[in-house]
Amino acid sequence: ESTTHVVTGYPRRTLNVLLGIARGCWILSFEWILWCLEHGQWIPEEPYELSDHFPAAPICRLQQHLSAGEHQQDLFASQPAMFVSPLSQPPCHSLAELILLCGGKVCKTVRQAGICIGHYQAKKAPGTQSLSEQWILDCITHLKQLPYESYLLQ
């Protein structure tokens, strides 16, 4: 919760990068650290922000900054409650944390869910959508709710 910067060697979408985006952190290339060491002080982050690879990062960071740290992402606020499969990858607890950080609701049983994230064989309530974990990750990366169609599981 106190993290303000996520530094990455390569612009890969990792769990730490997505958590950083959801929390409104700076997402920076490792070059920033090297230049800070070279100058012997912290230097401005903007030139090293990986906004081309993670377009949601500067938006979430600015929202967090403008709200004096009180901002709650609302990306999933209008979505029904989500159940995350215990077999999901990334792990269930990590996906649940991302959903909650982005204003979503997570439920403990699939019968209460409107969306089931990941493969899960138990009986679901009628109308429950089963979506790939990728849907959560892609929505956060682009900071928008993407259509279900490309992420539907059988």
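Conventions we followed
- Every chain is numbered independently, its residues counted from 1 as its sequence is written.
- Local features in this predicted model are restricted to residues whose pLDDT is 70 or higher, and side-chain atom pairs enter the listing and the counts only when it is 80 or higher, whereas totals over whole chains, interfaces and linings include all residues.
- To get the side-chain values, take all heavy atoms of the structure and skip hydrogens and water.
- Pairing of aromatic rings covers Phe, Tyr and the six-membered ring of Trp, with a centre-to-centre limit of 6.5 Å; geometry is then stacked below 30 degrees between planes, edge-to-face above 60, and tilted otherwise.
- Helix and strand labels come from DSSP, where a helix needs a run of H or I of at least four residues and a strand needs a run of E of at least two; each type is numbered from the N terminus.
- Burial classes follow relative accessibility: with a 1.4 Å probe on protein chains only, a residue under 20% of its type's maximum area counts as buried, one over 50% as exposed, and anything between as partly exposed.
- At least two DSSP bridges between two strands are needed for those strands to be called paired.
- For helices, the fitted axis covers only the stretch in contact; all axes are lines through C-alpha atoms, and the angles between them, taken along N-to-C directions, range from 0 to 180 degrees.
- Two residues form a contact once any of their heavy atoms are found within 4.5 Å.

Trainee: Any chance you could explain the packing of aromatic side chains here in plain terms?
Mentor: Geometrically, a pair of aromatic rings is defined through the distance of the ring centres and the angle of the planes. According to the stated counting rule, one finds four aromatic pairs in the structure shown. Look at Trp135 and Tyr148: their rings are 5.5 Å apart centre to centre, the planes differ by 70°, and that puts the pair in the edge-to-face class. Placement of the pair is Trp135 in helix H5 (residues 133-142) and Tyr148 in the segment after H5, with a sequence separation of 13 residues. Of the residues examined, Trp135 reaches a relative accessible area of 0% and is grouped as buried. The class for Tyr148 is partly exposed, based on a relative accessible area of 22%.

Trainee: Any chance you could explain the sheet that holds strand E5 (residues 129-131) here in plain terms?
Mentor: Neighbouring strands of a sheet are bound in pairs by backbone hydrogen bonds; such pairs are parallel or else antiparallel. A sheet is described by the order of its strands in space; here three strands give the open sequence E3-E4-E5, paired in parallel fashion. Whereas interior strands pair on both sides, the edge strands pair on one side only; in this sheet they are strand E3 (82-84) and E5. Across this sheet, the average inter-strand angle for adjacent strands is 20°, counted without regard to direction. Both E3 and strand E4 (residues 115-117) contribute to a ladder of three bridges, which runs parallel. Looking across to E4, one finds that Val84 is bridged to Ile117. Relative to E3, helix H4 (residues 92-101) is tilted by about 155°, and along the sheet it contacts E3 and E4. Across the sheet, H5 is in contact with E3, E4 and E5; its angle to E4 comes to roughly 95°.

That is the geometry; function is a separate question.
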